[in-house]
There are 2 protein chains.
Amino acid sequence: MIRIGIMGYGNLGRGIECAIKQNPDMELKAVFTRRDPETVQILTDNVPVYRAADAINRKDEIDVLILCGGSATDLPEQTKEYAKYFNVVDSFDTHAKIPEHFDNVNKSAVESDHIAVISVGWDPGMFSLNRLYANAILPSGNDYTFWGKGVSQGHSDAIRRVEGVQDGKQYTIPVEKALASVRNGENPQLSVREKHTRECFVVPKPGADLDKITKEIQEMPNYFADYDTTVHFITQEELDRNHGGIPHGGFVIRSGKTGWNEENSHVIEYSLKLDSNPEFTASVIAAYARAAFRMKADGLKGCKTVFDIAPAYLCAMSNEQLRAQML
Amino acid sequence: MIRIGIMGYGNLGRGIECAIKQNPDMELKAVFTRRDPETVQILTDNVPVYRAADAINRKDEIDVLILCGGSATDLPEQTKEYAKYFNVVDSFDTHAKIPEHFDNVNKSAVESDHIAVISVGWDPGMFSLNRLYANAILPSGNDYTFWGKGVSQGHSDAIRRVEGVQDGKQYTIPVEKALASVRNGENPQLSVREKHTRECFVVPKPGADLDKITKEIQEMPNYFADYDTTVHFITQEELDRNHGGIPHGGFVIRSGKTGWNEENSHVIEYSLKLDSNPEFTASVIAAYARAAFRMKADGLKGCKTVFDIAPAYLCAMSNEQLRAQML
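Residues numbered from 1 in each chain as written. Chains lettered and ligands numbered in written order. Predicted model: local features only at pLDDT ≥ 70, side-chain atom pairs only at ≥ 80, totals over all residues. Heavy atoms only, no water.

Asks: Please explain the packing of helix α1 (residues 11–22) of chain A against helix α10 (residues 277–297) of chain A as it appears in this structure.
Replies: Each pair of packed helices can be described by the angle between their axes along with the distance between the axes. Residues and elements named next belong to chain A. With their axes 8 Å apart at the nearest point, α1 and α10 run at an angle of 55 degrees to one another. Considering the angle they form, α1 stands oblique to α10. In the crossing of α1 with α10, the sense of the turn from one axis to the other is right-handed. For the pair formed by α1 and α10, the contact residues are Asn11, Leu12, Gly15, Ile16 and Ala19 on the first element and Pro278, Glu279, Thr281, Ala282, Ser283, Ile285 and Ala286 on the second. Each residue belonging to the contact of α1 with α10 can be placed in one class, and the counts come to seven nonpolar, four polar and one charged. (Axes fitted to C-alpha atoms, helices over the stretch in contact; angles between N-to-C directions. Helix = DSSP H or I, 4+ residues; strand = E, 2+ residues; numbered from the N terminus. Parallel < 35°, antiparallel > 145°, perpendicular 65-115°, else oblique. Left-handed = near helix turned anticlockwise from the far one by under 90°. Contact = heavy atoms within 4.5 Å. Nonpolar A, V, L, I, M, F, W, Y, C, P; charged D, E, K, R; others polar.)

Below is the structure:
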C-alpha cells in the first residue's frame, strides 16, 4: 500500500481523497490543514486531520505527500521545504516560473534523497506530454492549444471585483471555426481573439448599472479586452443552479508534414472534456504519486516532471500485464 | 550525430529515410537490403546500400539499426539477432505475440548490453501510450479504440485473392454514431459491426461476375462477414488515381468517472489523421531511435517498449528547454 498524505483540503485536496478511493493500492493516511483541524470534515472514515505544522513529525507514516496549495504563494515555499522530508507531488502551474521552481525543489530532493514531482495535472501535465510527444514525432509542424469549454477561476474572480457585481462565473470557449481550420491541417495563424471567446454570467447587485458593468468587463485589460466577450445577467438562484460546477477541458493539436518533400500532412489531437477540473487534476496527481513511490523504491531521487517519468510507473499493473493488455 | 542504419527498404524504410532528413541530430549511415544492392535506389545522396548479410560487419559505424521487416516472419528472427550487435528499434505489431517477442529480444539485448525498443509506431505505440495514461488517470472507466478512416493492407490483400478481382483497396471506417456516443460519455457496449464499416474499391477482371465478387467479399469470414461492407467496382485508372495513398488514423477514447460517488464524468480522447501510415510510423520510430541512443549512453540496457521510456528521451531539446518551452 502507498500511504498518502494530503496537505491542504480545498477542492483539489478533496479530489485527491476521492482519487485514492478509486486506487486499491493507495491509502489515505492523514490530511494536514492550516485551518483548525476540528473544523475540517473529510469524507474518509477514521483518517485523522492534523495541523499543517505537525506534518514533518509524521514523515515516517507517509510515503508520498501531495501538496494542494496554490501556485502564487504556497507551492514556491512548500514544495522545496516538504521535499526535505517527503516524496512530494505538486500541481505548480505558473508556466513561466517552472524552471526556477524545478531548480529549488531539485536541490532539496537530491540532498534529502526524495522524489519530488512538480507541475502535475492537465496543463501543465497531460497537455505538456502531448505537446512533447507530438513535437518529437513531427519535427516540422505547428502547435495549437485551445482551452475550454470551461470555468476560469481567475476570470471569474475578475468579474466579481467589478463594481455592482454580486457574483459571477466566466467560461472560456474555443472558437469552432479556428478548431476546424487547425484540424484540417490549414496551419492558420490565429490571434488571441480568433482562438477563444469568453462568456460571463453575472449576478448584479440590486440597482446596479448593467450597461456600465458590461462595458467595464468587456474593456478590462489582460482579462477580457482582447476577446469577444458576452455578458449575461442572471439571478443568484440561476447562477447557483446552472453554474455550480467546475467543468473544463481543451485541445492540444499538432499538425505537421512528412515525406522527402514534406508532401504528406498529419494531425495529432489530444482532447479532454472534464466535468470537474479539480477532480481530474487530482486523478492525474494520484497516478504520479504512485510513480513517485516506485521511483523512490528504484533508488531514484530529485525533482521530476511528467517529461522525466516512464509511463509504466503510473499504472498499478505490472510491466508484464501492461505489455500483454495495453500495448 | 546519431548514426542510423535502415534494415529493409520498403515503404517503412523509405519513411525512416525521410524522417532522418527532418531530424538534424540524425544521419543516415547505411541501408541494408535482401535484394541486390545495385537495384535499390535510395533518396539520400552519398549513402551506401549494402547486402543485409553485411550489416554485422558494419556494427561500429551505426548507433541504432532500425528494422523495417514484417511482423509475421522477419522481426521474430531479426530483432533478437541484431540486438546482439546493435541498438535496435522495430515496429513489431502482432499484439498477441508481444510478450514472447519481448522476452526473446530482452535476453539478447541484456546479454550484449544494447537497447532494443520493440513495437514502436502508432498501434502498438502512440495508441498504447494513450491507453496506459488514460487508464492510470481514470481507473474507473471504459476504453474504446477506433481505427480509420484508412487503408488496411491485410483486407486489401484479401480482396485481391478473390476470384475475378484484378486489383483492390479496402478502407476501414469508424461509425460516426458509435464515436458520438462514446464521446458523450454514454459508455455504450459496441459490437464489431457497430464500431466500423468496411468500404472496398475493386477492379474486376474483364468478364468477371460482379455479384459473385460482391457476395464473396461480403461473406468472407474473419475479414468482412462481421461488418457492414460496401463494394464499389471501378477501373484500374480510377483506383490508381484516387486510391494510391496509404492514409490511416483512428481514435483512442477513455471515458471515466471521478468523485466520492463517481458523480463526475470525463472523456480523454487521442486521435490521429494521417496522410501516410508508413511515414507517420517511421516518424515515431525515429524519435524512439533517439531515445535508444540516449538510454544506451545513460548506461541502460535490455528490451524496452514505449511504456518504459521517459518522454524527454524522445525530443532533441535539452531537459531545460523542454521545461521552459513545453511544460
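Asks: Help me out: how do you make sense of the relation of the copies chain B and chain A in this one?
Replies: Each of the two chain copies goes to the other by way of a rotation about an axis and a shift along it. Superposition record for chain B on chain A: RMSD 0.0 Å, screw rotation 180 degrees, translation along axis 0.0 Å. Between the two chains, the operation in question is that of a two-fold axis. When you check the interface residues of chain B against chain A, 100% turn up at the interface there too, and the contact is symmetric in its surfaces. (Least-squares fit on C-alpha atoms with pLDDT ≥ 70 in both.)

Asks: I tried to follow the pairing of strand β1 (residues 2–7) of chain B on my own but got confused; where do I start?
Replies: Two faces belong to every sheet, and in a regular strand the side chains alternate between them. Residues and elements named next belong to chain B. Along β1, five of the six residues are buried, which leaves the element largely enclosed by surrounding structure. By the bridge criterion, six bridges tie β1 to strand β2 (residues 26–33) in an arrangement that is parallel. Residue pairing across strands places methionine 7 opposite phenylalanine 32, the latter belonging to β2. What joins β1 to β2 is helix α1 (residues 11–22), and the crossover it makes is right-handed. Sheet analysis places β1 next to strand β4 (residues 64–67), joined by four bridges and oriented parallel. Each bridged residue has a counterpart across the sheet, and for methionine 7 the counterpart in β4 is leucine 67. (Buried < 20%, exposed > 50% of the residue type's maximum accessible area, 1.4 Å probe, protein only. Pairing = 2+ DSSP bridges. Right-handed = clockwise from strand over helix to strand, strands pointing away.)

Asks: I tried to follow the environment of histidine 196 of chain B on my own but got confused; where do I start?
Replies: Residues and elements named next belong to chain B. Structurally, the position occupied by histidine 196 is in strand β10 (residues 196–204). Looking at histidine 196, the relative accessible area reads 6%, which means it is buried. Sequence separation between histidine 196 and phenylalanine 146 is 50 residues, and the spatial gap between their C-alpha atoms is 7.5 Å. With near-sequence residues (within four places) excluded, histidine 196 lies in contact with Thr145, Phe146, Trp147, Thr172, Ile173, Pro174, Val175 and Tyr227. There is a polar contact of 2.8 Å between the side chain of histidine 196 and the backbone nitrogen of tryptophan 147. (Polar contact = N/O pair within 3.5 Å; in protein donor to acceptor, adjacent residues only side chain to side chain.)

Asks: Help me out: how do you make sense of α1 of chain B in this one?
Replies: Count 3.6 residues to each turn of an α-helix, and residues three or four apart come out pointing the same way. Taking 1.5 Å as the rise per residue, α1 of chain B with twelve residues should run 16 Å; its terminal C-alpha atoms sit 17 Å apart, in good agreement. Those residues of α1 of chain B lying buried are Leu12, Gly13, Gly15, Ile16, Glu17, Cys18, Ala19, Ile20 and Gln22 of chain B. Residues of α1 of chain B that are buried make contact with β12 (248–258) of chain A together with β1, β2, β4 and α10 (277–297) of chain B. (Expected span 1.5 Å × (residues − 1).)

Asks: It is not clear to me how the side chain of serine 156 of chain B should be interpreted in this structure. Could you clarify?
Replies: Residues and elements named next belong to chain B. One can find serine 156 in helix α5 (residues 153–160). When its relative accessible area of 0% is taken as the criterion, serine 156 is described as buried. There is a polar contact of 2.8 Å between the side chain of serine 156 and the backbone oxygen of serine 152. Engagement of the side chain of serine 156 in a polar contact is seen with the backbone nitrogen of glutamine 170, the distance being 2.9 Å. The residues contacting serine 156, other than those within four sequence positions of it, are Val151, Gly168, Lys169 and Gln170.

Asks: Please clarify how helix α2 (residues 74–82) of chain B should be interpreted in this entry.
Replies: Residues and elements named next belong to chain B. Every buried residue belonging to α2 is among Asp74, Leu75, Gln78, Thr79 and Tyr82, and all of these are buried. Taken around the axis of α2, the buried residues stretch over an arc of 95 degrees, which confines them to a single face. Close packing links the buried residues of α2 with β1, β4, β5 (87–89) and α3 (98–112). (Arc of directions from axis to C-beta.)

Asks: How should the interface of chain B and chain A be read in this particular structure?
Replies: Reports of interface size often rely on the accessible area that becomes lost once the parts have come together. Each partner contributes residues to the interface: chain B has 71 residues there, and chain A has 72 residues. Counting each side, the surface lost to burial between chain B and chain A is near 6200 Å², with a carbon and sulfur contribution of 62%. It is Trp260, Arg323 and Leu327 of chain B that lose the most area in chain B upon contact with chain A, and together they represent 15% of the buried surface on that side. On the surface where chain B and chain A come into contact, there are zero salt bridges. Where chain B packs against chain A, one counts 29 residue pairs in polar contact (both at pLDDT 80 or more). Secondary structure elements with two or more residues in the side of chain B that touches chain A: α1, α3, α4 (126–137), β12 (248–258), β13 (264–274), α10 and α11 (319–325) of chain B. The leading source of residues in the side of chain B that touches chain A is β13 of chain B, at eleven residues. Residue composition of the side of chain B that touches chain A, by class: 36 nonpolar, 21 polar and 14 charged. (Buried area = accessible area lost by both parts, 1.4 Å probe. Salt bridge = Lys/Arg side-chain N within 4 Å of Asp/Glu carboxyl O.)

Asks: What's the story with the sheet that holds strand β3 (residues 49–51) of chain B in this structure? I'm lost.
Replies: Two strands in a sheet stick together by hydrogen bonds in their backbones, pointing the same way (parallel) or opposite ways (antiparallel). All names here are of chain B. Read across the open sheet, the seven strands follow the order β3-β2-β1-β4-β5-β6-β14; overall the sheet is parallel. Looking at which strands have only one partner, the edges of the open sheet turn out to be β3 and β14 (302–304). Recorded for the sheet is a direction-independent mean angle of 25 degrees between the axes of neighbouring strands. The sheet contact formed by β2 and β3 spans three bridges and is parallel. Counterpart to phenylalanine 32 in the pairing with β3 is tyrosine 50. Lying over the sheet, α2 contacts β1, β4 and β5, oriented at roughly 175 degrees with respect to β4.

Asks: It is not clear to me how the packing of aromatic side chains should be interpreted in this structure. Could you clarify?
Replies: By convention here, two paired aromatic rings are described through the distance between centres and the angle between planes. Counting across every chain of the model gives eleven aromatic pairs over all chains. Among the aromatic residues, those joined into a ring-pair cluster are Trp122, Phe127 and Tyr270 of chain A. Above the ring of phenylalanine 146 of chain B, the side-chain terminus of lysine 195 of chain B is found at 5.2 Å from the ring centroid. Taking the ring centre of tyrosine 227 of chain B as reference, the NZ or CZ of arginine 198 of chain B above it sits at 4.1 Å. (Phe/Tyr/Trp six-rings, centres within 6.5 Å; stacked < 30°, edge-to-face > 60°. Lys NZ or Arg CZ within 6 Å of the ring centre and 35° of its normal.)

Asks: Is there a simple way to explain the nonpolar core in this structure?
Replies: Side chains that are nonpolar tend, in soluble globular proteins, to be buried together. Tyr288 of chain A together with Tyr288 of chain B are the most contacted members of the largest nonpolar core, which has 162 residues in total. When near neighbours in sequence (up to four residues on either side) are disregarded, tyrosine 288 of chain A contacts Val89, Val117, Val120, Leu129, Val306, Ile309 and Leu314 of chain A together with Tyr133 of chain B. (Core = buried A, V, L, I, M, F, W, Y, C linked by side-chain atoms within 4.5 Å.)

Asks: Sorry if this is basic, but what is going on with the environment of glutamate 111 of chain B here?
Replies: Summarising the element assignment, glutamate 111 of chain B is placed in helix α3. By relative accessible area, glutamate 111 of chain B is classed as exposed at 62%.

Asks: Hey, could you run me through the side chain of histidine 101 of chain A in this one?
Replies: All names here are of chain A. Among the structural elements, histidine 101 can be located in helix α3 (residues 98–112). Of the residues examined, histidine 101 reaches a relative accessible area of 4% and is grouped as buried. Residues in contact with histidine 101, not counting those within four places in the same chain, are Leu75, Pro76, Thr79, Asp90, Phe92 and Ile118.

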